[in-house]
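Chain by chain, the residues:
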Amino acid sequence: MNETAGGTGRLPERLRQAVLPVHQRIEALPFFTSLSRRALPVERYVDQLRAMAIVYAAVERALETSEDRSARTAWSAATPRLGLLLADLAFFDTRGPLPDAPGSTGAALAAAKAVLLCALQPHRLVGHLYVFQGMALGNATHLEDARAAAGGVAGAAWYEGLGAGTGVQWSAFCRCLETLGLGPEEEREVVDGALEAVNAQEAIHALLDPALPVSRRVLATTLNVEAGSHAVPEDPDLLVAALRAGARCLAEFPYFNDRWGERGERYTRSDVAWLMELARLERAEALGQVRWLAGVLARRGMPSLLLERQLELLAEELPAGEVSAASEFFVTAAEHLRETRRGALPDDRAARLASTFESATGFGSAATRREAARLLLAALADETSGFPGAAEAVATWYRGPRFPDEWRKAVGDLLRSPFSGSRAGRSEG
Amino acid sequence: MPEPEATSSLLKARDLFLKALLEGDRKAAVDVALGAVEAGAAVSDFYVDVVQEALYEVGRLWEANVISVSREHLATSISQFVIGRLYEHLPQATFVRGRFLLTGIEGELHQVGGLMVADLLESDGWVVKFLGTDVPVPDVLEAVEEHRPDVLGISCTMLHNVQKVASLVASVRERFGDRSPRIVVGGGAFRSAPERAAKLGADGWAPDLRAAVVLLHGGAQGDQR
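The rules behind the values
- Residues numbered from 1 in each chain as written.
- Chains lettered and ligands numbered in written order.
- Predicted model: local features only at pLDDT ≥ 70, side-chain atom pairs only at ≥ 80, totals over all residues.
- Heavy atoms only, no water.
- Domains from an automatic or database assignment.
- Contact = heavy atoms within 4.5 Å.
- Buried area = accessible area lost by both parts, 1.4 Å probe.
- Polar contact = N/O pair within 3.5 Å; in protein donor to acceptor, adjacent residues only side chain to side chain.
- Salt bridge = Lys/Arg side-chain N within 4 Å of Asp/Glu carboxyl O.
- Helix = DSSP H or I, 4+ residues; strand = E, 2+ residues; numbered from the N terminus.
- Nonpolar A, V, L, I, M, F, W, Y, C, P; charged D, E, K, R; others polar.
- Phe/Tyr/Trp six-rings, centres within 6.5 Å; stacked < 30°, edge-to-face > 60°.
- Buried < 20%, exposed > 50% of the residue type's maximum accessible area, 1.4 Å probe, protein only.
- Lys NZ or Arg CZ within 6 Å of the ring centre and 35° of its normal.
- Core = buried A, V, L, I, M, F, W, Y, C linked by side-chain atoms within 4.5 Å.
- Disulfide = S-S within 2.5 Å.
- Expected span 1.5 Å × (residues − 1).

**Student:** How should I be thinking about the domain arrangement of chain A in this particular structure?
**Tutor:** All names here are of chain A. Here chain A is partitioned into domain 1 (10-208) and domain 2 (234-429). Facing 4 residues of domain 1, the contacting portion of domain 2 comprises 4 residues. Both faces considered, domain 1 and domain 2 share a buried interface measuring about 320 Å² in area, 48% of it formed by carbon and sulfur atoms. Linking domain 1 with domain 2 are 0 residue pairs in polar contact (both at pLDDT 80 or more).

Structure below.
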């Protein structure tokens, strides 16, 4: 790559020069001077982790799904860091999540939104990635300060990063940028993206000033850094009840964790909190929202049976003073989903099909086979009820490589069962 | 409504525009838009019959898990770009109806509808200030103080943000009292239940872009009072 053929061939240096003044300003902000003096309150430290996780999640998700060649190449040379931030947040969450500082969280959500809008100019994403990869260098210089703020080694995984390997990784990433072969206009987009990212960092860290007063609130991001800004209960008792219901549902259906891992757990937390808020809406509106969510989730591999169960558990977990209207709503909504499912696939028929499936699989525990049968049949019922793609969305998982041939054959047989045949006939009619 | 012939050509344009959005082809989307306008379509009709309808379909495809969320964002970004290109083709009003302040409610990320409303109302004689979306209540109140609009428009797509609209309406009325601007609302959150707007204390609501223009002519459509 040379200058006449396209870009400058010195993209990392251009980027360094562009962001350097902003980096210097950020280092001079009260957040970092306080961190360096080992005087940063742990709450502000957690606020920073959460804000960074909100933005990193957007950047990493955008890069994972980008179809742009240069963005994907740069991403392949980078080191994902969202996991480190989530590990740190989980460490501090053991005493219950710290409510958000709305200022820094709001700035982080704005930065995440800017990342989403990079879709039209994917080279900007490379600029965002450059800034986030570069932050590992700054983090390394502050590692002991971060440990002081965190109160020990645990909770400082993001600052530690790759440890001694940080410099090597950074050099490899910069070499990758040099080989992208971008033209001048594309390089300009990369630099614009980097400036956008570093300016957002300045805005976020200005709001992390430990001297600023903070009115903490539980937000959707308190529960899940990828949840955006949807409503969650402000009443702590309702929130705790919602989280208990979510935890029970996760325990009843290991499928969530097997398939989606930590991310599935996070979304369960924010989703049940949102469901709890639905009880405040008028009944018809709230039921409409439940039906809408059932369709959205069913087509993504979460049959409405799971939502039905979450609603039942929410009714059970409501604090004593809240049992009337809210409880009635959750029970009614769960009943609505149950009756829809039974209308598509009566229980006795489902039981026969499940029994055939469970005896044919020859793999896994009885509980695993039972769960698979329930979810596959619930997905078939969803498909019949007007959510095309619901069955395949679950079957994709159960026909995956983690299962043996005999199991996969049983899944295929279930999908081709007489029930499936009548479903096709009905939908065509 | 457009003339039947125009409707037919806009339907064809809609298919092409949607295809361009789903393929992430910004140039093709711009070509469809400029081609339609050069062929005589009104920009307002292109907004309503092509952009709005194509984005509804993109939303449906996301709900059905046919396209990814990143593809949906790309379609949104391209649409915003096209709207920017079409702005210069909008007829300019030769008179002033009044001042209109438009905001997306706090927590709301949907912005394209607001952009189109702002453009169409400006073309219809309103001096429009669009604050963007996800604007905190105190910032909206400051903007009302600064711009002194005749009408405040509030856009809300997601149902769970409706309570925030109620809160904003109440805050405006409380702070400005008799000096409060007329307040109108619009967006997806109101299409499914039009009575919701009156319950919030709004003076009117508009189910879509054309209705928004008519509503602000002072017409009866969608007016709650």
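**Student:** Would you take a moment to explain the interface of chain A and chain B for this structure?
**Tutor:** When the parts of a complex come together, some accessible area is lost, and that lost area is often taken as the interface size. Listed as interface residues are 20 residues of chain A and, on the opposing side, 22 residues of chain B. Buried surface at the junction of chain A and chain B, summed over both partners, amounts to about 2100 Å²; 53% is from carbon and sulfur atoms. Between chain A and chain B we count 3 salt bridges in total. Ionic pairing is found between Arg 71 of chain B and Glu 67 of chain A, a salt bridge with its closest N-O pair at 2.4 Å. Where chain A touches chain B, the interface holds 7 residue pairs in polar contact (both at pLDDT 80 or more). Among the secondary structure elements, those contributing two or more residues to the side of chain A that touches chain B are helix 6 (102-116) and helix 15 (283-298) of chain A. Here the side of chain A that touches chain B takes 5 residues from helix 15 of chain A, the largest share from any one element. Looking at the side of chain A that touches chain B residue by residue, the classes come out as 9 nonpolar, 5 polar and 6 charged.

**Student:** Sorry if this is basic, but what is going on with the packing of aromatic side chains here?
**Tutor:** Any two aromatic rings considered together are summarised by their centre-to-centre distance and by the angle between their planes. Scanning the entire structure with this criterion turns up 20 aromatic pairs over all chains. Between Phe 17 of chain B and Phe 46 of chain B, the ring centres sit 5.7 Å apart and the planes meet at 85°, which makes this aromatic pair edge-to-face. In this pair, Phe 17 of chain B sits in helix 1 (residues 4-23) while Phe 46 of chain B sits in helix 3 (residues 43-63), placing the two residues 29 residues apart along the sequence. Each of the two residues, Phe 17 of chain B as well as Phe 46 of chain B, counts as buried. A connected cluster of aromatic rings, assembled from ring pairs, spans Tyr 255, Phe 256, Trp 260, Phe 357, Trp 397, Tyr 398, Phe 403 and Trp 407 of chain A. Sitting over the ring of Trp 62 of chain B, Arg 300 of chain A keeps its end group 4.4 Å from the ring centre. Residue placement shows Arg 26 of chain B over the ring face of Phe 81 of chain B; its charged tip is 4.6 Å from the ring centre.

**Student:** Help me understand the nonpolar core in this model?
**Tutor:** Nonpolar side chains in soluble globular proteins tend to be buried together. Counting residues in hydrophobic clusters, the biggest one holds 88 residues, and the most contacted among them are Leu 311, Phe 330, Phe 357 and Tyr 398 of chain A together with Ile 154, Val 165 and Phe 190 of chain B. Of all the elements, helix 19 (residues 366-384) of chain A adds the most residues to this core, at 9 residues. Leaving out residues up to four positions away in the same chain, Ile 154 of chain B has contacts with Leu 102, Thr 103, Ile 105, Val 165, Leu 168, Val 169, Ile 183, Val 184, Val 185 and Gly 186 of chain B. Judged by nonpolar contacts, the second largest core, of 68 residues, contains Ala 71, Ala 78, Leu 125 and Leu 180 of chain A.

**Student:** Honestly, the pattern of salt bridges in this entry has me stumped. Any pointers?
**Tutor:** Between side chains of opposite charge, a pair can form as their charged atoms come close. Residue and element names in this part refer to chain A. Inspection of every chain in the model, using the stated rule, returns 47 salt bridges over all chains. Across the salt bridge formed by Arg 269 and Asp 93, the nearest N and O atoms sit 3.8 Å from each other. In this pair, Arg 269 is assigned in helix 14 (residues 254-278) and Asp 93 in helix 5 (residues 82-93), connecting sequence segments 176 residues apart. For Arg 269, a relative accessible area of 23% corresponds to the partly exposed category. Across the pair Asp 405 and Arg 408 runs a salt bridge, and its minimum N-O distance is 2.7 Å. Pair noted here: Asp 405 and Arg 408 are both in helix 21 (residues 405-415), with a separation of 3 residues, about one helical turn. A residue is classified by how much of its surface remains accessible, and Asp 405, at 59% relative accessible area, is exposed. Salt bridges sharing common partners tie together Arg 61, Glu 64, Glu 226, Glu 262, Arg 263 and Arg 266.

**Student:** Help me out: how do you make sense of the state of the cysteines in this one?
**Tutor:** Scanning all chains against the criterion turns up 0 disulfides over all chains. Counting only cysteine sulfurs, Cys 174 of chain A is the nearest neighbor of Cys 176 of chain A, a cysteine outside any disulfide, at a range of 9.6 Å.

**Student:** Honestly, the side chain of Thr 361 of chain A in this entry has me stumped. Any pointers?
**Tutor:** Residues and elements named next belong to chain A. Here Thr 361 lies in helix 18 (residues 347-361). A distance of 3.2 Å separates the side chain of Thr 361 from the backbone oxygen of Glu 358, its partner in a polar contact. Setting aside residues no more than four positions away along its own chain, Thr 361 makes contact with Arg 369, Glu 406, Trp 407 and Ala 410.

**Student:** I'm lost on helix 13 (residues 236-252) of chain A in this one. Help?
**Tutor:** Residues spaced three or four apart along an α-helix point in a common direction, a consequence of the helix completing one turn every 3.6 residues. Residue and element names in this part refer to chain A. An ideal rise of 1.5 Å per residue puts 24 Å on 17 residues; helix 13 measures up with 24 Å between its terminal C-alpha atoms. Buried within helix 13 are the following residues: Leu 238, Leu 239, Ala 241, Ala 242, Leu 243, Ala 245, Gly 246 and Cys 249. In the core, the buried residues of helix 13 are packed alongside helix 12 (220-223), helix 14 and helix 16 (304-317). Two to three positions downstream of the cap, the backbone nitrogen of Asp 237 sits 2.8 Å from a side-chain oxygen, assigning the N-cap of helix 13 to Asp 235.

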